[in-house]
Amino acid sequence: MLPADAGNQDLLEGVAGHLERGGLLGYPTETVYGLGGRVDRDRIAALRALKGRGEGKPFLILVPTVVGIAESGLEWSASAERLAEAFWPGPLTLVLRDPEGRHPQGVRGPSGGVAVRLSPAPFVRALMEVWRRPLLSTSANPAGTVPARTAAGVRDSLVGREGTSRLWILDGGPQPASEPSTLVDCTGPRPGLLRRGAIPLEALQAVLPELEDRSSSSG
């Protein structure tokens, strides 16, 4: 395992090269440890195999900048802009329309939405300044198990699974217990909360009063 040193330029360039060559990454985020890779069909398939995850649940992507979202073909709605201005970088994931179908299945959901986030995690931010491309992201654990909060936990949970030979794990120390990112659907005429998380509904509605609660925990 390598230390996740956001100030080590040689490390950041090495990780970017590893991603460019099709490698997979285990890394600390602002919530739990994540798994990632280049956004393409082969890496999506590799992460599914590594996690043992079915095809019905798409992965999200971390983006380097807000500007890059529009450039990638995603529809940047007024609701999404307001939420991003208030809470990004941060643990808020926004589902945006991909009207031209430019993103591969596996990040593009059945309804045509793509989940994106601008991470505040220091190592992720530093890597994105070098990588400058979207990064696949999913929690670092086999499907159905508790997400890892340490680099050793990532390693131990994935021992013997397909794809570990091309996985680099970066050690950012233990992650404190936290909620997952809050998930908001901005693909339709009215935004909706899909998953409760680190940013509470009340804070979201203070910025966007029309936001509907469609989460499973709503009454």
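Notes on the structure follow. (Residues numbered from 1 in each chain as written. Predicted model: local features only at pLDDT ≥ 70, side-chain atom pairs only at ≥ 80, totals over all residues. Heavy atoms only, no water.)

**Some words on helix 2 (residues 41-51)**
Because each turn of an α-helix spans 3.6 residues, side chains separated by three or four positions in sequence point in the same direction. Of the positions making up helix 2, those classed as buried are Arg43, Ile44, Ala46, Leu47, Arg48, Leu50 and Lys51. Those residues of helix 2 that are buried lie in contact with strand 2 (24-28), strand 3 (33-36), strand 7 (135-139), helix 6 (151-158) and strand 8 (167-171). N-capping of helix 2 is provided by Asp40, with a side-chain oxygen placed 3.3 Å from the backbone N of Asp42. Once helix 2 finishes, Gly52 follows within two positions and takes phi at roughly 70 degrees, a positive value. (Buried < 20%, exposed > 50% of the residue type's maximum accessible area, 1.4 Å probe, protein only. Helix = DSSP H or I, 4+ residues; strand = E, 2+ residues; numbered from the N terminus. Contact = heavy atoms within 4.5 Å. Polar contact = N/O pair within 3.5 Å; in protein donor to acceptor, adjacent residues only side chain to side chain.)

**Brief notes about the pairing of strand 8**
Looking at chain direction, strand 1 (residues 2-3) and strand 8 are connected through two bridges and run parallel. Within strand 8, the residue paired with Pro3 across the bridge is Asp171. As paired strands, strand 2 and strand 8 are joined by three bridges and run parallel to one another. Its bridge partner lying in strand 8, Gly26 is registered against Ile169. (Pairing = 2+ DSSP bridges.)

**Here we look at the environment of Asp98**
As for its placement among the helices and strands, Asp98 is situated in the loop between strand 5 (92-97) and strand 6 (113-117). Excluding residues within four positions of it along the chain, Asp98 makes contact with Gly73, Leu74, His103, Arg108, Gly112 and Val114. At 3.0 Å, the side chain of Asp98 forms a polar contact with the backbone nitrogen of His103.

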